[in-house]
Amino acid sequence: MIKDANFIVTLNTQLPGIRESEVKTKMVSHTVELLKNEIPLEQESVVLTENTVTALVLVDIINGFCTVGAGYLAPRESNRQISGMIDESARLARLFCEKKMPVMAFLDSHHPDKPEHPYPPHCIIGSDESNLVPALRWLENESNVTIRRKNCFDGYLGSVEEDGSNVFVDWVKKNKITTLVVVGVCTDICVLDFVSSTISAKNRGFLEPLENVVVYSRACATFDIPLEVARNTKGALAHPQEFMHHVGLYMAKERGAKIANEVLFGAVEKI
């Protein structure tokens, strides 16, 4: 805390004309750097080889979370992290589809009478909020793509049918998937929940022959709620974007996922 206070004093001394908002922005950046120093996250380059069956999972890359002004939980203005996530996810999805590799896309879709506490109504079934973003709508016409509409944070639990079967588990087994690459939103909520459940199920032997779960950090994103906004919004919690993105990735690694800052295709040693 002393370091943080000194940081603000230094800013005000060296830049006397700086606006309060700029101070806060620099303070958040400084705090994120402190966090990364305290819990450093080692990322790696992951090479997907021809001798492994690799599949791509896209989590909630839909209008209601990613398209400006599309709903209560959509960004209010253009967001670089979310835009970058969409671009990287679309690029990777193209590669998977060109190679006819398995792809599953989870779409958050809720019934009006079944709210998802603590969030306001969002991504109602039948609304455009619950549809893929424009950059990914083409996936609906690809033969190697499975679309799964889910009504909860966790795609693994959201894949459970009334008879107790699990669409995601069946998909993994049917395709003999050994490696999953996971992308989407939000890094620290739906992506993390899905990864955590999937790894727990894998460790229990429920997902054979699955071996590796890879989270591609550049194709993940989360949302931003500054502290001052949260304080003036009933029921809202502060959610600094870069901070929570880092924490989400770190916790996924704690669960046993590989965190990749690069995903490549090539005939080299198994990951």
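Refer to the structure presented above.
All of these numbers come straight from a predicted model, not from anything done at the bench.

Participant: If you had to explain helix 6 (residues 190-203) to someone new, which residues and values would you point to?
Facilitator: Over its 14 residues, helix 6 runs 20 Å from end to end, which matches the ideal 20 Å to within 8%, given 1.5 Å per residue. Among all positions in helix 6, only Cys190, Val191, Leu192, Phe194, Val195, Ser196, Ser197, Thr198, Ile199 and Ala201 are buried.

Participant: Before we move on, could you go through the sheet that holds strand 5 (residues 179-185) and cite the residues and values that matter?
Facilitator: A sheet is described by the order of its strands in space; here 7 strands give the open sequence 1-7-6-5-2-3-4, paired in parallel fashion. Only two strands of the sheet have a single neighbouring strand rather than two, namely strand 1 (44-48) and strand 4 (145-150). Between one strand axis and the next, the sheet turns through 35° on average, direction left out of account. Pairing of strand 3 (residues 103-108) with strand 4 involves 6 bridges; the strand directions are parallel. By the bridge assignment, Ala105 is partnered in strand 4 with Ile147. Packing against the sheet, helix 4 (residues 80-98) makes contact with strand 1, strand 2 (54-59), strand 3, strand 4, strand 5, strand 6 (212-221) and strand 7 (258-265), and its axis sits at approximately 135° to strand 6. With respect to the sheet, helix 8 (residues 241-255) is in contact with strand 6 and strand 7, its orientation differing from that of strand 6 by roughly 175°.

Participant: An account of the nonpolar core is requested, with residue identities and associated values reported.
Facilitator: Ranked by size, the top nonpolar core spans 68 residues in total, and within it Leu136, Phe168, Phe194 and Val195 carry the most contacts. Among the elements that line this core, the one with the most residues is helix 4, at 8 residues. Contact partners of Val195, with chain neighbours within four places excluded, come to Val182, Val213, Val215, Ala252 and Ala257.

Participant: Go over the pairing of strand 6, please, and point to the residues and values.
Facilitator: Of all the 10 residues making up strand 6, 9 are buried; the element is thus mostly covered by neighbouring parts of the structure. For strand 5 and strand 6, the ladder comprises 6 bridges, and the chain directions are parallel. What sits directly across from Val182, in strand 6, is Val215. Running through helix 6, the crossover from strand 5 to the neighbouring parallel element strand 6 is right-handed. Pairing analysis gives 3 bridges linking strand 6 to strand 7, with the strands arranged parallel.

Participant: So what about the packing of aromatic side chains? Which residues, and what values?
Facilitator: Throughout the structure, instances matching the rule amount to 7 aromatic pairs. Measuring from ring centre to ring centre gives 6.0 Å for Tyr119 and Phe153, while their planes differ by 75°; the resulting arrangement is edge-to-face. In this pair, Tyr119 is assigned in the loop between strand 3 and strand 4 and Phe153 in the loop between strand 4 and helix 5 (167-175), connecting sequence segments 34 residues apart. Cluster of aromatic residues (ring-pair linked, three or more members): Phe106, Tyr156, Phe168, Trp171 and Phe194. One cation-aromatic arrangement involves Arg94 over Trp138; the distance from NZ or CZ to the ring centre is 3.8 Å. When the ring centre of Phe265 is taken as origin, the NZ or CZ atom of Lys99, which lies over that ring, is 5.1 Å away.

Participant: Lay out the packing of helix 6 against helix 8 in plain terms, naming residues and giving numbers.
Facilitator: It is the contact of helix 6 with helix 8, at a shortest axis distance of 9 Å, that shows an interaxial angle of 5°. Here helix 8 runs roughly parallel to helix 6, going by the angle between their axes. Each of Leu192, Val195, Ser196 and Ile199 in helix 6 lies in contact with helix 8, whose residues at this interface are Gly248, Met251, Ala252 and Arg255. Tallied by class, the residues present in the contact of helix 6 with helix 8 amount to 5 nonpolar, 2 polar and 1 charged.

Participant: Please give an account of the pairing of strand 5 that cites residues and values.
Facilitator: Across the 7 residues that make up strand 5, a large majority, 7, are buried. Burial of strand 5 is two-sided: the residues Thr179, Val181, Val183 and Val185 facing one way and the residues Leu180, Val182 and Gly184 facing the other way are all buried. Bridge count between strand 2 and strand 5: 6 bridges; the pairing is parallel. Within strand 5, the position partnered with Ala55 by the bridge is Leu180.

Calculation rules
Residues numbered from 1 in each chain as written. Predicted model: local features only at pLDDT ≥ 70, side-chain atom pairs only at ≥ 80, totals over all residues. Heavy atoms only, no water. Helix = DSSP H or I, 4+ residues; strand = E, 2+ residues; numbered from the N terminus. Expected span 1.5 Å × (residues − 1). Buried < 20%, exposed > 50% of the residue type's maximum accessible area, 1.4 Å probe, protein only. Pairing = 2+ DSSP bridges. Axes fitted to C-alpha atoms, helices over the stretch in contact; angles between N-to-C directions. Contact = heavy atoms within 4.5 Å. Core = buried A, V, L, I, M, F, W, Y, C linked by side-chain atoms within 4.5 Å. Right-handed = clockwise from strand over helix to strand, strands pointing away. Phe/Tyr/Trp six-rings, centres within 6.5 Å; stacked < 30°, edge-to-face > 60°. Lys NZ or Arg CZ within 6 Å of the ring centre and 35° of its normal. Parallel < 35°, antiparallel > 145°, perpendicular 65-115°, else oblique. Nonpolar A, V, L, I, M, F, W, Y, C, P; charged D, E, K, R; others polar.

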